[in-house]
Amino acid sequence: MTTTDTLTIVVVEEDRDRAIAIVDALKNASDCDVVVIGGSSGLARKIAAHAPDIVLIDIDNPTRDMMEELTLASGPLERPVAMFVSGAAGGLAKAAIEAGVSAYVVDGLSPNRIKPVLDTAIARFAMVRQMRSELAETRRALEERKVIDRAKGQLMKAKGIDEGAAYALLRKAAMDQGRRVADIADALVTASGLLG
Amino acid sequence: MKSVTLPVAFMPLVDAAPLIIAQEMGFAEAEGIALDLIAAPSWSSVRDMLAIGRVDAAHMLSPQPIAMAMGLGGVATQVSAVSVLSVNGNVIGVGKRLEERLRHIGFEFDFSDPLRAAEALAQVSHEPIVFGVPFPFSMHVQLLRYWSRASALGSDGVAIRTVPPPLMARALANGEVDAFCVGEPWGSVAVEQGSGALLLPGNAIWSFAPEKVLAARTDWAETEPDLLGRLMRAVWKAGRWLAAPDVRAAASDVLSRKAYLDMPSELIDRALSGNLTLSGQGEQRHVEGFLEFHQGAASFPWRSQARWIAQQLRKSVGGEGNFNADDIARVFRSDLHRMHLSSLNPDLPGASEKVEGAIPHAMPVASAGGALTLLRNQFFDGQIFDPALF
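As the structure is a prediction and not an experimental result, all values here were calculated from the model. (Residues numbered from 1 in each chain as written. Chains lettered and ligands numbered in written order. Predicted model: local features only at pLDDT ≥ 70, side-chain atom pairs only at ≥ 80, totals over all residues. Heavy atoms only, no water.)

### Some details on the overall build of chain A
(1) Moving on: When helices and strands are tallied, chain A shows six helices and five strands.
(2) Moving on: Expected size for 196 residues packed as a compact globule is a radius of gyration near 16 Å; at 25 Å, chain A overshoots this value by more than 25%.
(3) Moving on: Summarising its shape, the C-alpha atoms of chain A cover approximately 80 × 30 × 30 Å along the three principal directions.
(4) Moving on: Counting all 196 residues of chain A, 41% fall into the buried class.
(5) Moving on: Of the contacts formed within chain A by residues at least 6 apart in sequence, a portion of 63% connects residues at least 24 apart.
(6) Moving on: Just so you have it, chain A exposes about 10,400 Å², and 55% of that area is on carbon and sulfur atoms.
(7) Moving on: Across chain A, the 25 positively charged side chains and the 28 negatively charged ones have centroids separated by 7 Å. (Helix = DSSP H or I, 4+ residues; strand = E, 2+ residues; numbered from the N terminus. Rg over C-alpha atoms; globule rule 2.2 N^0.38 Å. Buried < 20%, exposed > 50% of the residue type's maximum accessible area, 1.4 Å probe, protein only. Contact = heavy atoms within 4.5 Å. Areas by Shrake-Rupley, 256 points an atom, 1.4 Å probe, with all protein chains shown as cover. Lys, Arg positive; Asp, Glu negative; His and termini not counted. Charge placed at Lys NZ, Arg CZ, Asp CG, Glu CD.)

Structure representation (structure tokens):
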């Protein structure tokens, strides 16, 4: 139940570790009850059952569309929510979206009660987003390394040259064409795959 | 001339084709722009990106800008629908359990008769049938409501839940929904996954329903007329290109790429050709006008379409009388459409409103070039919608 001084926050998050990290951060930052909802079935009604003041969800989560009915006066919430994107705290909302969190805030909640919660959520989600993009970057670099190694191998076999010379050839082709070495390597591997 | 890059949000659906083709087939480049197409995870996300200015334009459900203008939903930024991107293209389908019950009573999946389909559903289900749809403000909801109200299902015979199409199979399997209305390729995906069978194409309910629009923030549309015009012309040319019968293979190939739909091109081709596979038993049907990008001035945003959508929204979600119907009608920018496409000499209609549902077969109408034919525009129950009365 919502009382005057304790905010009820629902966090929609399937990943348990991430959910725990977000809950801890929120509890440290403000006086609030935090409920985590995992799975997507009946999401809007599950959220409504907690009568939250604020709902936080990853912006990339496709189940966000299931929450849209929370914004309707005819929907399951007593006080419908607004997506925290337009309105008074425009700058904060933009920061939230850039950090990858969308916040839904019930009608009539004052901005100075929202701000500490959002600041915390933004910081936490931004951190997660950064970690994710670093992970993706590492994976991509690894993939590129593999392709370059295969292209070098094919050049060494076809031309009877050593590894250093093979790499020099790839690099020269890349510079001549204004492309990346990984792209040249990829084209070579694809082409020799076609030629059998 | 240095080309300008415009960020544009889209949902990975077959009807995002005009945007994807505009970029991939050089229509954008010819206008001196490049489209940075950003695939969105949800319709809420498309709307937010547009509202905060992360993107300049977006592929949107036709009722989305109208709902925003009516103050419905989470965000109320003023957005203009400057072109209709696609007409029709949805399918209504049932999950395995309903499919079995329908087959049991001898229902033939003919994919054409909304009245018979409704009677059969009413016969096999004594409780409201729960339909999954992608978004509360969508043509999907409006077609389902219209169909149930005017058929044996009745308005209480249908309950509607929002379920993102990629999660529909699971929702059908665990009984959360019994049936669905989705855009392609998701109907064909449901058939391929064995989670259901297709019952009706959307155009069996309304034969000329504006499905997706090209949307831009109203302030941006008015302060960047040059960029908007280039974008609209590129997209219009892409729609015209898509209407040619011999481009289908190339189009489904481009759409199938990882950056766009990331689906087999064969699945995408079903919507583009109108040749749909209805169920695991392999019934196939060809649907005339299943998905239109260009024919019959498909891109023209009729204000009467906006009024019809607003009226349906008011019926289904209330939207109290707090808005002016003429303002809502102007969310569909027939004015900007004419202004920015005029240099291409497209044959656009002379009027900006028409009686919806009153064209029983393709017919010539008054137009700028004098040779425009509008396609059949009928509701399945034979009713008409007179925009002057809303």
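### Quick word on the environment of Ser252 of chain B
Residue and element names in this part refer to chain B.
(1) Moving on: For Ser252, the location among the structural elements is in helix H12 (residues 248-255).
(2) Moving on: With 194 residues separating them along the chain, Ser252 and Ala58 place their C-alpha atoms 21 Å apart.
(3) Moving on: Ignoring sequence-local partners within four residues, the contact set of Ser252 consists of Ser265, Ile268, Asp269 and Leu272.
(4) Moving on: One polar contact links the side chain of Ser252 to the main-chain carbonyl oxygen of Ala249, over a distance of 3.3 Å. (Polar contact = N/O pair within 3.5 Å; in protein donor to acceptor, adjacent residues only side chain to side chain.)

### What about the confidence of the model for chain A?
Detailed reading of the predicted coordinates is not advisable wherever pLDDT falls low.
(1) Moving on: Of the residues in chain A, 93% have a pLDDT of 70 or more, and the chain-wide mean is 85.
(2) Moving on: Looking over chain A, one finds the lowest element-wise mean pLDDT in strand E4 (residues 81-83) of chain A, namely 72, and the highest in helix H5 (residues 163-177) of chain A, namely 94. (pLDDT = per-residue confidence, 0-100.)

### A look at helix H1 (residues 16-29) of chain A
Residue and element names in this part refer to chain A.
(1) Moving on: When the terminal C-alpha atoms of H1 are compared, their 20 Å separation across 14 residues agrees well with the 20 Å that a helix rising 1.5 Å per residue should span.
(2) Moving on: Taken as a whole, H1 has its buried residues at Arg18, Ala19, Ile22, Val23, Ala25 and Leu26. Taken end-on, H1 shows its buried residues confined to a sector of 165°, consistent with a single buried face. Residues of H1 that are exposed and point over 90 degrees away from its buried face: Arg16, Asp17 and Asn28.
(3) Moving on: Buried residues belonging to H1 abut strand E1 (7-12), strand E2 (32-37), strand E3 (54-58) and helix H4 (111-159). (Expected span 1.5 Å × (residues − 1). Arc of directions from axis to C-beta.)

### Let's talk about the interface of chain B and chain A
(1) Moving on: At the junction of the two partners, chain B supplies 26 residues and chain A supplies 23 residues.
(2) Moving on: Of the roughly 2,000 Å² buried at the junction of chain B and chain A (both faces included), carbon and sulfur atoms supply 56%.
(3) Moving on: Counting across the interface, chain B meets chain A through two salt bridges.
(4) Moving on: Linking Arg64 of chain A and Asp48 of chain B is a salt bridge whose minimum nitrogen-to-oxygen distance equals 2.5 Å.
(5) Moving on: Inspection of the chain B/chain A interface yields five residue pairs in polar contact (both at pLDDT 80 or more).
(6) Moving on: Every element with two or more residues in the side of chain B that touches chain A is listed here: helix H3 (43-52) and strand E7 (158-162) of chain B.
(7) Moving on: Broken down by element, the residue count for the side of chain B that touches chain A peaks at six residues, all from H3 of chain B.
(8) Moving on: Across the side of chain B that touches chain A, the residue classes break down as 14 nonpolar, seven polar and five charged. (Buried area = accessible area lost by both parts, 1.4 Å probe. Salt bridge = Lys/Arg side-chain N within 4 Å of Asp/Glu carboxyl O. Nonpolar A, V, L, I, M, F, W, Y, C, P; charged D, E, K, R; others polar.)

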